[in-house]
Amino acid sequence: MKGKSKIQLALWTLLFMVAIPISAYGVDGQIKIAQTAATTFPITINESGSYVLTSNLTVTTGNAININADNVTLDLNGHGIYGLGSGYGIYAYNRYNIAIKNGIVRGFHYGIYVVNDDAHQGAGHRIEGIQASNNSFYGIYAFCSTVVTNCTANNNSECGIYAYHSTVVTNCTASNNGGSGICASDSTVTNCTANNNGFDGIHAGIYASDSTVTNCTANNNGYYGIHASKSIVKGCNVRYNTGWGIYMLTNYHNYIYRNAASGNTAGQINCPSGNTCVDNATF
């Protein structure tokens, strides 16, 4: 009987290993994710916890990782998630307290899509240290009280970083995106750089609607440096953009102050009636 029990234990262990061919628990409690010959996509996270990539992931179609649980930390651990222009690199919808950090997401439709609808506000997500590039739509798409920090978004076809509904974007860089480098609606953008975006000739380095933009740089963009709508823009540098350095429409109630604008082709700061522009340096 003792020998039979050992055989049964070995069989159960083998079945458990086959059932989870891409993940295992490490001694630090993190759940390891690696691509093997048995991996199928999307990889779906259904339980709260801490997950870490131990290899690159390469996806030929569809999504790479779906997060279907709250309170998940996903550490890419310096690895990349690579696609061929379709699907989502990392997808989380109507979840709470998702953290995604430290790696590359490249070649999807959306690189990272972390969205909560109006009934699921105050999500508390954090995206940190991510390089989102060469995605066919948005690099990072974040809603509802997400913090996006120390990220780069380059060579995406639309906005490099799209922030909506009380999202904070800080210490990020967006360059060479087809649309605006950073698109903010009802959000805050601070200490960010948006250069060489809008090569379609109709988008700004930073587009801000009902938002606050402070201490940012927007240079050499294909249209406006900063396009403001019902927003506050303070302490920014805008130079050598093809359109206006800072642009706004009449009666849009922007507050533009203590910015520096120079060398912009269409003009430095366009400030029609219904907006307030004070203490800016233009030359």
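What you see is a predicted model, and the numbers here were worked out from it, not measured in a lab. (Residues numbered from 1 in each chain as written. Predicted model: local features only at pLDDT ≥ 70, side-chain atom pairs only at ≥ 80, totals over all residues. Heavy atoms only, no water.)

## With respect to the overall build of the protein chain
Formally: Secondary structure elements follow DSSP: runs of H or I no shorter than four residues count as helices, runs of E no shorter than two count as strands, and numbering proceeds from the N terminus. Categorising residues by exposure relies on relative accessible area from a 1.4 Å probe, with only protein chains included: less than 20% of the type maximum marks a residue as buried, more than 50% marks it as exposed, and the intermediate range marks it as partly exposed. The contact criterion used throughout is that any non-hydrogen atoms of two residues lie within 4.5 Å. Under the convention used here, a 1.4 Å probe and the Shrake-Rupley method define accessible areas, while residue burial counts only the protein chains that appear.
Within the protein chain, the regular secondary structure consists of 1 helix and 33 strands. Taking all 283 residues of the protein chain together, the buried fraction comes to 49%. Considering only residue pairs separated by 6 or more positions, the protein chain has 32% of its internal contacts joining residues 24 or more positions apart. Per element, the accessible surface of the protein chain, about 12300 Å² overall, is 51% carbon and sulfur.

## Comments concerning the pairing of strand S12 (residues 126-133)
We count it as follows: We call two strands paired when DSSP finds no fewer than two bridges between them.
Alignment of strand S10 (residues 98-106) against S12, held across 7 bridges, turns out to be parallel. Bridge pairing links lysine 101 to glutamate 128 in S12.

## Thoughts on the pattern of salt bridges
Stated precisely, the cut-off is as follows: Only one rule defines a salt bridge in this text: a Lys or Arg side-chain nitrogen within 4 Å of an Asp or Glu carboxyl oxygen.
This model, assessed by the stated rule, comprises 3 salt bridges. Across the pair arginine 95 and aspartate 70 runs a salt bridge, and its minimum N-O distance is 3.0 Å. You can see arginine 95 sitting in the loop between strand S9 (88-93) and S10 and its partner aspartate 70 sitting in the loop between strand S6 (65-67) and strand S7 (72-75), a full 25 residues away along the chain. For arginine 95, a relative accessible area of 21% gives the class partly exposed. Aspartate 70 sits in the partly exposed class, given a relative accessible area of 22%. Between aspartate 279 and arginine 258 there is a salt bridge; the shortest N-O distance is 3.4 Å. On the criterion of sequence distance, the pair formed by aspartate 279 in the loop between strand S32 (276-278) and strand S33 (281-282) and arginine 258 in the loop between strand S29 (255-257) and strand S30 (260-262) is long-range, its members being 21 residues apart. Take arginine 258: its relative accessible area is 52%, and that puts it in the exposed class.

## Observations concerning the confidence of the model for the protein chain
Rules: For every residue, the predictor assigns a confidence score, pLDDT, that lies between 0 and 100.
This prediction gives the protein chain a mean pLDDT of 91; 89% of its residues lie at or above 70. In the predicted structure, residues 1-22 sits below a pLDDT of 50 and forms 8 contacts with residues beyond four places in sequence or in another chain.

## With respect to the sheet that holds strand S28 (residues 244-247)
Let me state the cut-off plainly: Axis angles are defined between N-to-C directions and span 0 to 180 degrees, where every axis is a line fitted to C-alpha atoms and, for a helix, only to the segment in contact.
Taken in spatial order, the 11 strands of this open sheet run S3-S6-S9-S11-S13-S16-S19-S22-S25-S28-S31, and their pairing is parallel. Pairing within the sheet leaves two strands with one partner each, and these edge strands are strand S3 (43-45) and strand S31 (267-269). Neighbouring strand axes in the sheet, compared pairwise and without regard to direction, differ in orientation by 10 degrees on average.

## Digging into a nonpolar patch on the surface
Test applied: Patches draw on residues past 30% relative accessible area with no salt bridge. Two like charges within 9 Å are joined, as are two nonpolar side chains (Val, Leu, Ile, Met, Phe, Trp, Tyr) within 5 Å.
Residues Ile232, Tyr255 and Val278 make up a contiguous nonpolar surface patch of about 220 Å² in total accessible area. As for its placement among the helices and strands, isoleucine 232 is situated in strand S26 (residues 232-234). Relative accessible area serves as the criterion here: at 34%, isoleucine 232 is assigned to the partly exposed category.

## A closer look at the packing of aromatic side chains
Quick reminder of the rule: Each aromatic pair joins two rings of Phe, Tyr and Trp (for Trp, the six-membered one) with centres within 6.5 Å, and gets the label stacked for planes under 30 degrees apart, edge-to-face for over 60, and tilted for any other angle.
One pass over the full model with this rule turns up 19 aromatic pairs. Here tyrosine 91 and tyrosine 113 contribute two aromatic rings whose centre-to-centre distance is 5.3 Å and whose plane-to-plane angle is 5 degrees, an arrangement assigned as stacked. Of this pair, tyrosine 91 sits in strand S9 while tyrosine 113 sits in strand S11 (residues 110-115), and the two are 22 residues apart along the sequence. Take tyrosine 91: its relative accessible area is 24%, and that puts it in the partly exposed class. An aromatic cluster is present here, built from Tyr88, Tyr91, Tyr110, Tyr113, Phe137, Tyr138, Tyr141, Phe143, Tyr162 and Tyr164 joined pairwise through their rings.

## Re the state of the cysteines
Definition in use: Any pair of cysteine sulfurs within 2.5 Å is marked as a disulfide.
Inspection of the entire model under this criterion finds 2 disulfides. The partner cysteine of cysteine 159 in its disulfide is cysteine 183, sulfur to sulfur 1.7 Å. Across the S-S bond linking cysteine 159 and cysteine 183, the dihedral sits near -55 degrees, which makes this disulfide left-handed. Of the two residues, cysteine 159 is situated in the loop between strand S15 (152-154) and strand S16 (161-164) and cysteine 183 in strand S19 (residues 182-185); the sequence distance between them amounts to 24 residues.

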